[in-house]
Amino acid sequence: MKRPWLIGGAAIVVIALLVLVGLGWRSAISPIATPAIARFAPAQIARGQILASAGYCAACHTVKGGGALAGGYAMATPFGTIYSTNITPDPDTGIGRWSLPAFSRAMREGVARDGSHLFPAFPYDHFAKLSDDDVAALYAFLMTRPAISAPAKPNTVPFPINIRLLQAGWKLLFFTPGRFVPDASKDASWNRGAYLVEGISHCGACHTPRGSLGAENKAKPLAGALIDHWIAPALTAANSAPVPWSEDELIAYLGTGVTRYHGVAAGPMGPVVHGLSKLPTTDLQAIATYIASINGAAGKRAAGASTIAQALATDKIGLGLQYDAAARLTTAACAPCHYNGGRQINPLRPDLALNSAVTMDDPRNLIRVILYGINAPDGIPGVVMPGFARGLNDADIARIAAYLRATRTTGPAWPDLEYRVAAIRAEGKGEQQ
């Protein structure tokens, strides 16, 4: 005779599954004939192009050597590798048969045209905040791109996590759909910045830490996180930059990828800057206004001048005749490009005493830059930083990092540097673009 508790437990499991199916089941939306380009107004397409740049659509939906927006970009997650899909208007392998309602549902609810739930690697939790007009403009832009036949690559997410229906349970726990709601206590520029940061530009997808199930930690918005082997620094007052990120510095960084006091964009931030640079100046100003309001820049402004003066004085440490092997190595590798020695910081010579990679609690970003450098598309136009992965061994790179940390900051020494260098070197450059 079966035990009553066993029967009851089985019944609860069956009921829970039925409830999940009931809540998670979504019907397919009928396919349509691919819309003619002439159906969309040029102004709407142009607006969609700007939004697509601000959302870095090409960065995630284009793989190196592949067609633009044809998918195949590998996104490593703790649950396996997820490949981006083809979002060109190809009728068979892309979204050519998607209607605007089907596209809108994917953007706002994370549900594909066939009714299957999308993995949250696609940031629909941010795109849900977009206005109807912006969603329609994105649709117009994508439907007027060249159609490319590119079948989806199979993900490596294991069973049972790969069951799409289970994503409905994830959404119940972590996803709250809804449009962006302006803050009546803030001005129009602040609200525009909040709309862009929280919506199409989905800054939190990289800069907010995630929990064990892959959801953004809403209690720590924009507090910094590990992404693609890099640390996306905090955009809040917890940011470790010695000079505060003022609105002017933010506008310069987001528009050009380089600032006088914060260096250049590198790693995953490179494509972000390329996208944001296409925005109107007023939108860059709005983003800067919003971020500056949460990073405490106003309260740190007075300390900026003295910090810069101290950095210029510190810049001379290690120059001249040196008997310290670490000092000689750092001078040879770094000083030719990073020494300023004047009364002002030259943006083409990023000052290492002001660089967040040196002042962070974690040396990861600094080690990656020393190993692999910064290529021309990521950094200052026409200027590159060479990588030393081939020319220097792990001990040498550890010496440089330790020396910079000791002489350019007041922070504690980084432990186990040589081990960290070896581990980060083993990760590889990690570029697909």
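In this text, all values refer to a predicted model and were calculated from it rather than measured experimentally. (Residues numbered from 1 in each chain as written. Predicted model: local features only at pLDDT ≥ 70, side-chain atom pairs only at ≥ 80, totals over all residues. Heavy atoms only, no water.)

Examining the environment of Leu250
Within the secondary structure layout, Leu250 lies in helix 10 (residues 247-256). Classification of Leu250 as buried rests on a relative accessible area of 6%. Measuring from C-alpha to C-alpha, the distance between Leu250 and Ile291 comes to 8.4 Å, with 41 residues separating the pair along the chain. What Leu250 contacts, discounting residues up to four positions off in sequence, is Trp245, Ala288, Ile291, Ala292 and Asn295. (Helix = DSSP H or I, 4+ residues; strand = E, 2+ residues; numbered from the N terminus. Buried < 20%, exposed > 50% of the residue type's maximum accessible area, 1.4 Å probe, protein only. Contact = heavy atoms within 4.5 Å.)

A closer look at the environment of Pro146
When you line up the elements, Pro146 lands in the loop between helix 6 (132-143) and helix 7 (166-174). Look at Pro146 and you get exposed, because its relative accessible area is 58%. Taking C-alpha positions, Pro146 is 7.1 Å from Pro89, a pair spaced 57 residues apart along the chain. Beyond its immediate stretch of four places on either side in the chain, Pro146 contacts Thr88 and Pro89.

Here we look at the packing of aromatic side chains
With the rule as written, the count across this model stands at eight aromatic pairs. Arranged with centres 5.6 Å apart and planes meeting at 50°, the rings of Phe103 and Tyr139 form a pair that is tilted. On the criterion of sequence distance, the pair formed by Phe103 in helix 4 (residues 100-109) and Tyr139 in helix 6 is long-range, its members being 36 residues apart. As far as burial versus exposure is concerned, Phe103 and Tyr139 are alike and both buried. Here the aromatic rings of Trp170 and Phe174 are separated by 5.3 Å at their centres, their planes lie at 55°, and the arrangement is tilted. Of this pair, Trp170 and Phe174 both sit in helix 7, four residues apart, which is roughly one turn of that helix. (Phe/Tyr/Trp six-rings, centres within 6.5 Å; stacked < 30°, edge-to-face > 60°.)

Quick word on a nonpolar patch on the surface
Residues Phe159, Ile163 and Leu166 make up a contiguous nonpolar surface patch of roughly 290 Å² in combined accessible area. Mapped onto the fold, Leu166 is located in helix 7. (Patch = residues over 30% accessible without salt bridge, like charges linked within 9 Å, V, L, I, M, F, W, Y side chains within 5 Å. Areas by Shrake-Rupley, 256 points an atom, 1.4 Å probe, with all protein chains shown as cover. Salt bridge = Lys/Arg side-chain N within 4 Å of Asp/Glu carboxyl O.)

With respect to the pairing of strand 2 (residues 80-83)
Alignment of strand 1 (residues 74-77) against strand 2, held across four bridges, turns out to be antiparallel. Across the sheet, residue Ala76 finds its bridge partner in strand 2, namely Thr81. (Pairing = 2+ DSSP bridges.)

Examining the side chain of Asn355
By the element assignment, Asn355 lies in the loop between helix 14 (325-338) and helix 15 (356-359). For Asn355, a relative accessible area of 17% translates into the label buried. In this structure the side chain of Asn355 is engaged in a polar contact, spanning 2.9 Å, whose partner is the backbone nitrogen of Ala357. (Polar contact = N/O pair within 3.5 Å; in protein donor to acceptor, adjacent residues only side chain to side chain.)

Observations regarding helix 2 (residues 42-54)
In this model, helix 2 (13 residues) spans 19 Å end to end at C-alpha, consistent with the 18 Å of a helix rising 1.5 Å per residue. When helix 2 is considered as a whole, its buried residues turn out to be Ile45, Gly48, Leu51, Ala52, Ser53 and Ala54. Looking at the buried side of helix 2, the elements it contacts are helix 3 (57-61), helix 6 and helix 11 (269-276). Positive phi shows up at Tyr56, right after helix 2, with a value of about 55°. (Expected span 1.5 Å × (residues − 1).)

Digging into the packing of helix 16 (residues 364-372) against helix 17 (residues 394-408)
Packing of helix 16 against helix 17 brings their axes to within 10 Å, and their N-to-C directions diverge by 130°. The pairing of helix 16 with helix 17 is recorded here as oblique in orientation. Viewed along their axes, helix 16 and helix 17 form a crossing whose handedness is right-handed. Across from Leu366, Ile370 and Leu371 in helix 16, the residues of helix 17 making contact are Ile397, Ile400, Ala401 and Leu404. A per-class count over the contact of helix 16 with helix 17 returns seven nonpolar, no polar and no charged. (Axes fitted to C-alpha atoms, helices over the stretch in contact; angles between N-to-C directions. Parallel < 35°, antiparallel > 145°, perpendicular 65-115°, else oblique. Left-handed = near helix turned anticlockwise from the far one by under 90°. Nonpolar A, V, L, I, M, F, W, Y, C, P; charged D, E, K, R; others polar.)

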